[in-house]
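# What the coordinates show
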Amino acid sequence: MAAIALAMLLPSLALAEKWAVIAAGSQGFMNYRHQADACHAYQIMLKSGVKAENIILMMQDDVAKSSENPFPGQLFNKPGNDSPDVYKGCKVDYSGDIVTAQLFLDVLTSNTTGAKGKVLKSTEEDTVFVNFVDHGGPGIVAFPNGPFLHVKDLSKTLKTMQSKKMFKQLVFYMEACESGSMFPDLQADGKILAVTASNGQESSWGTYCGDAAMVKGKNIGSCLGDLFSVNWMEDDDLGKLASETFRSQISKVTKLTNKSHVCSFGDKSFENEAIGDVEVEGAVLSETPSTDSSVDTRDIYVSQAFWAWQNVPEEMKSQAWTRFVSIINDRERDDQLFAKIGGKACADSQGPAECQKKMLDERSELKDMDCHYTLARAVHEHCPVSASHHATGGWNGYNMKFSQVLLNLCEGQEVLGKDLEQLSKIVQEECIQAKGLTEVVV
């Protein structure tokens, strides 16, 4: 009987696979670091024993070939004369304008109606790793095309994967501002472990920025990586995948990522399992990224634009200054827009000035996801598009922090005396007015 039982067990063990889905959700050379992070993650997945056919990578794929790239066709995730080209051999499965939040969800749920290429075909015996890198805000993360990914849709997708028995265990590493807000309902026994670059109320950080972005004698002109992502990947580059546990890596990366609070959510029962099953002989971890070379993600566009103005040849300074001023103007416009939204929502309240300050500054917890989704969608559809931030809708890498304002409005409906329909109308009207003013200025 024991022999029969063993014989029945062996086929299922033999069929167990490892899968990886990697997504970079931005476009434009100023977001160089996201695609470099994604390709570095791709290389690590290969080294850790994931078959190339089981890795699904999506990104705009416009950075390596950008005219601003001093090394055409190459990407680097860390500085140095011996920095490896992470773009070499990085096979992108989905690129260009088809890379959307919906595509990401379709790939994860194996929806071949929506995703026309590779999709996740994992089973209940398999291990799945998901890695997302990009901009974010409370309850939302960005994609290079189409609308944002909302927390309610991500939560629904993960539950669908559970119901379809698509994994034995799933590990999700998310690099984004306020990424700790994206996993509110993971269960302690759900076999999903999520690790985020920040908690739900703070920015994540880019690193190897400015003067530190030197590769083979040239400055890339953009941040090379993100602090959390660089820390976990350079840790894996040590070649300890066969022996290091998730618990050990999370603890180590939490200490190294000292500009934001790394958080973990969900099922921690397999934290003591080894991350991978391959040793990379001779791998050496570079020095921990200096905090001097790290920049708050919200400020990377403006800091890089100012750095470029300082360092470009004299004949290019006028163009660089124009770009810097454009970014500053877009930031100021966003500040004013969301202040007006808060002010108009508070117009009928007792103490409107105090109410407005509360709507702008408070850190309410997201509970009414439908309300927040509706208001966030209104921003995407009706607010001005910041070309200087490579945005394709009303949200951009700077103003996604104001998703918290919408969250506060939703959770404050009773105090404000306004329902969702009224709040949505306010957001739309203020966005349309701001868009009109922007077009007049342009």
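Residues numbered from 1 in each chain as written. Predicted model: local features only at pLDDT ≥ 70, side-chain atom pairs only at ≥ 80, totals over all residues. Heavy atoms only, no water.

As named in an unreviewed UniProt entry, the chain is legumain, taken from Cladocopium goreaui. Here the chain is described in UniProt, under the heading Catalytic activity (unreviewed entry), as follows: "Hydrolysis of proteins and small molecule substrates at -Asn-|-Xaa- bonds." (UniProt positions renumbered as here; feature names shortened; annotations may be inferred.)

This next bit is on the overall build of the chain. Broken down by element type, the chain carries 13 helices and 14 strands. Looking at the 442 residues of the chain, the share that counts as buried comes to 55%. When contacts within the chain are restricted to residue pairs at least 6 apart in sequence, long-range pairs at least 24 apart make up 76% of them. About 18800 Å² of surface is accessible on the chain, with carbon and sulfur atoms providing 53% of the total. (Helix = DSSP H or I, 4+ residues; strand = E, 2+ residues; numbered from the N terminus. Buried < 20%, exposed > 50% of the residue type's maximum accessible area, 1.4 Å probe, protein only. Contact = heavy atoms within 4.5 Å. Areas by Shrake-Rupley, 256 points an atom, 1.4 Å probe, with all protein chains shown as cover.)

It is at 9 Å that the axes of helix 10 (residues 369–382) and helix 11 (residues 403–411) come closest, and there the two elements cross at 140°. Comparing the axis directions of helix 10 and helix 11 gives the class oblique. Taken as a pair, helix 10 and helix 11 cross one another with a handedness that is right-handed. Side by side, helix 10 and helix 11 meet where C371, H372, L375, A376 and V379 of the first sit next to S403, L406, L407, L409 and C410 of the second. For the contact of helix 10 with helix 11, the per-class residue count stands at eight nonpolar, two polar and no charged. (Axes fitted to C-alpha atoms, helices over the stretch in contact; angles between N-to-C directions. Parallel < 35°, antiparallel > 145°, perpendicular 65-115°, else oblique. Left-handed = near helix turned anticlockwise from the far one by under 90°. Nonpolar A, V, L, I, M, F, W, Y, C, P; charged D, E, K, R; others polar.)

What follows covers empty space enclosed by the protein. The full count for this structure, using the stated rule, is two cavities of 30 Å³ or more. Of the voids in this model, the largest cavity is the one considered here, and its volume is about 230 Å³. What lines the largest cavity is a set of 23 residues, among which A142, F143, A391, T392 and W395 lie closest to the centre. Looking at the lining of the largest cavity residue by residue, the class counts come to nine nonpolar, 13 polar and one charged. (1 Å grid on protein atoms, 1.4 Å probe; cavity = no way out; pocket = protein on both sides within 12 Å on 5 of 7 lines; lining within 4 Å. Points joined across faces, edges and corners; volume = space filled by probe spheres on them.)

Let us look at the packing of aromatic side chains. Per the stated rule, a full pass over the model turns up 19 aromatic pairs. Residues F129 and Y173 carry aromatic rings whose centres are separated by 5.5 Å and whose planes lie at 70° to one another, so their mutual orientation is edge-to-face. Residue F129 is located in strand 3 (residues 127–133), and its partner Y173 is located in strand 7 (residues 169–175); the two are separated by 44 residues in the primary sequence. An identical accessibility class is assigned to F129 and Y173; each is buried. Across from the ring centre of F71, 5.0 Å away, lies the NZ or CZ of K218, which sits over that ring. Lying across the ring of W309, K317 places its NZ or CZ 5.4 Å from the centre. (Phe/Tyr/Trp six-rings, centres within 6.5 Å; stacked < 30°, edge-to-face > 60°. Lys NZ or Arg CZ within 6 Å of the ring centre and 35° of its normal.)

Attention now moves to the confidence of the model for the chain. Chain-level statistics for the chain give a pLDDT mean of 90 and a share of 89% at 70 or above. In the model, residues 1–14 has pLDDT below 50 throughout and makes one contact with residues more than four positions away in sequence or in other chains. Ignoring residues within four places in sequence, the model shows residues 277–287, a span with pLDDT below 50, making 29 contacts including any to other chains. (pLDDT = per-residue confidence, 0-100.)

Among the secondary structure elements, K367 is positioned in the loop between helix 9 (352–361) and helix 10. Through-space distance from the C-alpha of K367 to that of E411 is 7.2 Å; in sequence the pair is 44 residues apart.

Counting buried positions over the seven residues of strand 1 (residues 18–24) gives six, a clear majority of the element. Sheet topology places strand 1 next to strand 3; seven bridges connect them, and they run parallel. By the bridge assignment for strand 3, V21 is matched with V130. When strand 1 meets strand 2 (residues 55–58), the two strands line up parallel, connected through four bridges. Note that in strand 2 the partner of I22 across the bridge is L57. Read as a crossover between parallel neighbours, the route from strand 1 over helix 2 (residues 32–47) to strand 2 is right-handed. (Pairing = 2+ DSSP bridges. Right-handed = clockwise from strand over helix to strand, strands pointing away.)

Glancing now at the sheet that holds strand 4 (residues 136–137). Spatially, the three strands line up as an open sheet ordered 4-5-6, and their pairing is antiparallel. Edge positions in the sheet fall to strand 4 and strand 6 (149–150), since each has one partner strand and no second.

In this structure the tally under the stated criterion is 18 salt bridges. Note that R33 is salt-bridged to D226, the shortest N-O span being 3.0 Å. Note that R33 is positioned in helix 2 and D226 in strand 12 (residues 225–226), a separation of 193 residues in sequence. In this structure, K118 engages D93 in a salt bridge whose closest nitrogen and oxygen atoms are separated by 3.5 Å. Placement of the pair is K118 in the loop between helix 3 (101–108) and strand 3 and D93 in the loop between strand 2 and helix 3, with a sequence separation of 25 residues. Overall, D93 belongs to the partly exposed group, its relative accessible area being 21%. Here the salt bridges share partners, and the residues they tie into one network are K91, D93 and K118. (Salt bridge = Lys/Arg side-chain N within 4 Å of Asp/Glu carboxyl O.)

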